[in-house]
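Structural description and commentary
Chain by chain, the residues run as shown.
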Amino acid sequence: MAQPDPSTQLPPPQHIAIIMDGNGRWAKKRGLPRTAGHSAGAEAFRRTANYCRTLGVKYLTVYAFSTENWKRSGEEVAGIMKLLGKYLQEALRDMEKNHVRFRFFGDLSRLSPELRQLCEEAQQRSGAYHEVQVNFCLNYGGRDEILRAVKAYAQDVAAGKQDVNTLTESGFAAYLDSAGVPDPELVIRPSGEMRVSNFLPWQTVYSEFVFMNVLWPDFGPAELDAAIAEYHRRNRRFGGA
Ligand code: IPE
Ligand code: IPE
Ligand code: MG
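This write-up is about the structure you can find in this document. None of these values were measured; they are calculated from a predicted model.

1. Observations concerning the overall build of the chain
Helix and strand counts for the chain stand at eight helices and six strands. Starting at the N terminus and ending at the C terminus, the chain contains elements arranged as β-α-α-β-α-α-β-α-β-α-α-β-β-α. In terms of overall dimensions, the chain is globule-like: its C-alpha atoms have a radius of gyration of 18 Å, near the 18 Å expected for 241 residues. Based on the C-alpha atoms only, the size of the chain along its principal axes is roughly 65 × 50 × 35 Å. Out of the 241 residues in the chain, the part that is buried amounts to 47%. For the chain, the exposed area adds up to about 12600 Å²; of that, 53% sits on carbon and sulfur atoms. Taking the 30 positively charged and 28 negatively charged side chains of the chain as two groups, their mean positions are separated by 4 Å.

The following block contains the structure:
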């Protein structure tokens, strides 16, 4: 008989980041429009976020829309934006029940005023919750994040608020979208692709990556358990011996 995996008894990582990929292929396999895949992907996100809360994960960062995803058809982009709006409205409605704290990473200035308003409201109204924080990456690109941080930092130097000679890694990290959030210990990419696609380059220099063959709409608690078990089997050295 199979022995229980001791790694599942260990506490989960405090911060898990997920590249929610494979919605289009999931839909294609079923002869459905890509937008149907994104709807199913939104369900997978709800399932996974709830399960993270049950496990006691403190931060869940999800890649929902990249700075490169604007290359897709107007119809697909509009479908994704509509789903995001719907999700945020629901999240606002259920806020008192779910106690999820929301943060948004990315350049929100390119989103519609309505969506931006929902993001701001979700962030503001959930600021005091402390069970689990979901960081939604919307119009997020890692290089764009670093560039925006560099610009903000340079402005502070020009204004005499910062001294370039005393800049440290943590001092610079305070200018990133992820300011105040610990780096993810674990990054999961479903869909079978083995690349990072501009996701959290600064924050993941020592993260453990788990690439999985499941498509995101099929992801759930069992897949998260498997990824966490794999994480616990890794030997993290951080450059030490
Ligand atoms: C991820 O699924 C969702 C977004 C990038 C918005 P995809 O839409 O990239 O799905 P695949 O990779 O085409 O299967
Ligand atoms: C990464 O997936 C972005 C999100 C999941 C939001 P993509 O599907 O855009 O990445 P590539 O094109 O396969 O690298
Ligand atoms: Mg994809």
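We are not done yet, so read on.
2. With respect to the site of ligand 1
Taken together, 13 residues lie around ligand 1, and Asp21, Gly24, Arg25, Arg34 and Arg72 are the ones closest in. Within the side chain of Arg25, a nitrogen or oxygen atom sits 2.7 Å from an oxygen atom of ligand 1. At 2.9 Å from an oxygen atom of ligand 1 is found a side-chain nitrogen or oxygen belonging to Arg34. For ligand 1, the protein covers 87% of the area, taking 380 Å² as the surface of the free molecule. Here ligand 1 occupies the largest pocket. Of all the elements in the fold, those that place two or more residues in the shell around ligand 1 are helix H1 (23–29), helix H2 (34–55) and helix H3 (74–93). Its residues placed into classes, the shell around ligand 1 shows three nonpolar, five polar and five charged.

3. Examining the sheet that holds strand S2 (residues 59–66)
As summarised here, the arrangement of the six strands in space is S3-S4-S2-S1-S5-S6, forming an open sheet in which the pairing is parallel. Two strands close off the open sheet at either side, each with one partner strand: strand S3 (100–105) and strand S6 (208–211). The mean angle between the axes of side-by-side strands here comes to 20°, regardless of whether they run parallel or antiparallel. Here strand S5 (residues 186–189) pairs with S6 via four bridges, running parallel. Across the sheet, residue Leu186 finds its bridge partner in S6, namely Glu208. The sheet strands contacting helix H5 (residues 113–126) are S3 and strand S4 (132–140), and the helix crosses S3 at an angle near 135°.

4. Brief notes about the site of ligand 2
Around ligand 2, the neighbouring residues are Ile19, Met20, Asp21, Tyr63, Ala64, Phe65, Asn69, Arg72, Arg189, Arg195 and Ser197. Between an oxygen atom of ligand 2 and a side-chain N or O atom of Arg195, the distance comes to 2.8 Å. In the environment of ligand 2, an oxygen atom lies 2.6 Å from a nitrogen or oxygen atom belonging to the side chain of Ser197. Summarising the interface, the protein chains cover 79% of the accessible area of ligand 2, which totals 390 Å² for the free molecule. Of the pockets mapped on this structure, ligand 2 occupies the largest pocket. In terms of residue count, S2 provides more of the shell around ligand 2 than any other element does, three residues in total. Grouping the constituent residues of the shell around ligand 2 by class yields five nonpolar, two polar and four charged.

5. Focus: the packing of H2 against H3
Here H2 crosses H3 at 30°, and the two axes come no closer than 9 Å. Comparing their axes, H3 and H2 come out roughly parallel. At the point where H2 passes H3, the crossing takes the right-handed sense. Residue-level inspection shows Arg34, Thr35, His38, Ser39, Phe45 and Arg46 of H2 in contact with H3, the latter providing Glu76, Gly79, Ile80, Leu83, Tyr87 and Glu90. Its residues assigned to classes, the contact of H2 with H3 shows four nonpolar, four polar and four charged.

6. A closer look at unusual backbone geometry
Leave glycine aside and you will find that most residues have negative phi; peptide bonds, for their part, are mostly trans. A positive phi is found at Ser197, a non-glycine position, where the angle reads about 50°. Considering the arrangement of structural elements, one finds Ser197 in the loop between S5 and S6. Even without a glycine there, the phi angle at Leu200 is positive, about 45°. Inspection of the secondary structure puts Leu200 in the loop between S5 and S6. Among the residues examined, Leu200 registers a relative accessible area of 1% and is labelled buried.

Calculation notes
- Residues numbered from 1 in each chain as written.
- Chains lettered and ligands numbered in written order.
- Predicted model: local features only at pLDDT ≥ 70, side-chain atom pairs only at ≥ 80, totals over all residues.
- Heavy atoms only, no water.
- Helix = DSSP H or I, 4+ residues; strand = E, 2+ residues; numbered from the N terminus.
- Rg over C-alpha atoms; globule rule 2.2 N^0.38 Å.
- Buried < 20%, exposed > 50% of the residue type's maximum accessible area, 1.4 Å probe, protein only.
- Areas by Shrake-Rupley, 256 points an atom, 1.4 Å probe, with all protein chains shown as cover.
- Lys, Arg positive; Asp, Glu negative; His and termini not counted.
- Charge placed at Lys NZ, Arg CZ, Asp CG, Glu CD.
- Near = heavy atom within 4 Å.
- Polar contact = N/O pair within 3.5 Å; in protein donor to acceptor, adjacent residues only side chain to side chain.
- 1 Å grid on protein atoms, 1.4 Å probe; cavity = no way out; pocket = protein on both sides within 12 Å on 5 of 7 lines; lining within 4 Å.
- Sits in = over half its atoms within 2 Å of the grid points.
- Nonpolar A, V, L, I, M, F, W, Y, C, P; charged D, E, K, R; others polar.
- Pairing = 2+ DSSP bridges.
- Axes fitted to C-alpha atoms, helices over the stretch in contact; angles between N-to-C directions.
- Contact = heavy atoms within 4.5 Å.
- Parallel < 35°, antiparallel > 145°, perpendicular 65-115°, else oblique.
- Left-handed = near helix turned anticlockwise from the far one by under 90°.

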